[in-house]
Amino acid sequence: MSKVTSATFFNEFIDMCDLCCSLGWNERNGGNISYRISESDVESVKCDFTYDRPWTEIGVTVENLANEFFMVTGSGKFFRFTKADPENSTAIVEIDELGKNYRIVWGLKSGGRPTSEFPTHLLNHSVKKDLTNGAYRLVMHVHPVNTIALSFVLPQNDRDFTREIWEMMPECAVVFPRGIGVLPLMLAGSIDIAEATAEKFKSYDVVVWSLHGIFATGEDFKTVFGIIETVEKAADILVKVISMGGKKIRPASRQIIDICELYNLDINKSLLER
Ligand code: 2HA
Ligand code: ZN
């Protein structure tokens, strides 16, 4: 029995691909996921690894990720078929000792490479590994309808976008008290968007790519899924509110602050200023 395919992280990863696809967040090959595998998990599955594939340049340097292993979705691979064929849809890659190159050590059996957004994923992992003492392991990118729709309509800045979303449901401020970072339309897959996203991740756990989708990060699958699910639910409500004429009875900013005080959450209050 393969050690990789029976590992918990592997099955959580594959189940997440399936779930995101069933929610309509990841059409075709849209979106991507990467997970920094713990040392003990690497130890228990590495008997399945092979080391005969070439080193390839990442395009960015991530020194603090040197010698780490990541599970990642493959470029052009359909989320819908990941569960049925994980060995051709995903890969485990090793980062070299300089943090400049990667090589595939498992998966993508009939060829292929990691997601086109791999530089963004790795720069985000790099920022969060330092900021959280290694606690954050997951980066997810999805294309959820309502959040994307709103990014065509709302001002594309952190403050306006966050406040509009926070005001839709009290849970929002509890789930992402630091708020949402927002980037304007930029070229997906580019080093520029990777660097701009990593800069946002210094302050936020969730970043909206306008006219494109969401990047979110956290410790584990349920946390990151929960953030995206909550942003998208609030976006769904806001789309309906705007569609009904957009008139809100009262802004909910005061309630957001009250809830954060109740739960002792470090809310980013500057995002609430009008
Ligand atoms: O196709 O989502 O951003 C994968 C993507 C690119
Ligand atoms: Zn995308």
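The sections below set out a description of the structure shown in this document. In this text the structure is predicted, and so the values were computed from the model without any measurement.

Time to look at the pairing of strand 4 (residues 90-95). Among the six residues that make up strand 4, six are buried, leaving the element largely enclosed by the rest of the structure. Inspection of the sheet shows strand 3 (residues 69-73) paired to strand 4 by five bridges, in the antiparallel sense. Its bridge partner lying in strand 4, F69 is registered against E94. The pairing of strand 4 with strand 5 (residues 101-107) spans five bridges and is antiparallel. Within strand 5, the residue paired with E94 across the bridge is R103. Where strand 4 folds back on strand 5, the antiparallel hairpin that results is connected by five residues, among which G99 adopts a positive phi of roughly 75 degrees.

This brings us to the pattern of salt bridges. One pass over the full model with this rule turns up 13 salt bridges. Two residues, R103 and E94, come together in a salt bridge whose shortest N-O distance is 2.9 Å. The burial state of R103 is the same as that of E94; both residues are buried. Taking the shortest distance from any N to any O, the salt bridge between D236 and K240 comes out at 2.7 Å. With D236 and K240 both in helix 10 (residues 221-243), this residue pair falls four residues apart, about one helical turn.

With respect to the helices and strands, the residue D130 is situated in helix 5 (residues 118-131). Through-space distance from the C-alpha of D130 to that of K202 is 9.9 Å; in sequence the pair is 72 residues apart.

Bringing the site of ligand 1 into the picture now. In the vicinity of ligand 1, the residues found are N29, G30, G31, N32, E117, H141, H143 and H212. A distance of 2.5 Å separates an oxygen atom of ligand 1 from a polar atom in the side chain of E117. A distance of 2.9 Å is found between an oxygen atom of ligand 1 and a side-chain nitrogen or oxygen belonging to H143. Coverage of ligand 1 by the protein amounts to 83% of the 220 Å² it exposes when considered alone. For the shell around ligand 1, a count of residues per class yields no nonpolar, seven polar and one charged.

Conventions we followed
Residues numbered from 1 in each chain as written. Chains lettered and ligands numbered in written order. Predicted model: local features only at pLDDT ≥ 70, side-chain atom pairs only at ≥ 80, totals over all residues. Heavy atoms only, no water. Buried < 20%, exposed > 50% of the residue type's maximum accessible area, 1.4 Å probe, protein only. Helix = DSSP H or I, 4+ residues; strand = E, 2+ residues; numbered from the N terminus. Pairing = 2+ DSSP bridges. Salt bridge = Lys/Arg side-chain N within 4 Å of Asp/Glu carboxyl O. Near = heavy atom within 4 Å. Polar contact = N/O pair within 3.5 Å; in protein donor to acceptor, adjacent residues only side chain to side chain. Areas by Shrake-Rupley, 256 points an atom, 1.4 Å probe, with all protein chains shown as cover. Nonpolar A, V, L, I, M, F, W, Y, C, P; charged D, E, K, R; others polar.

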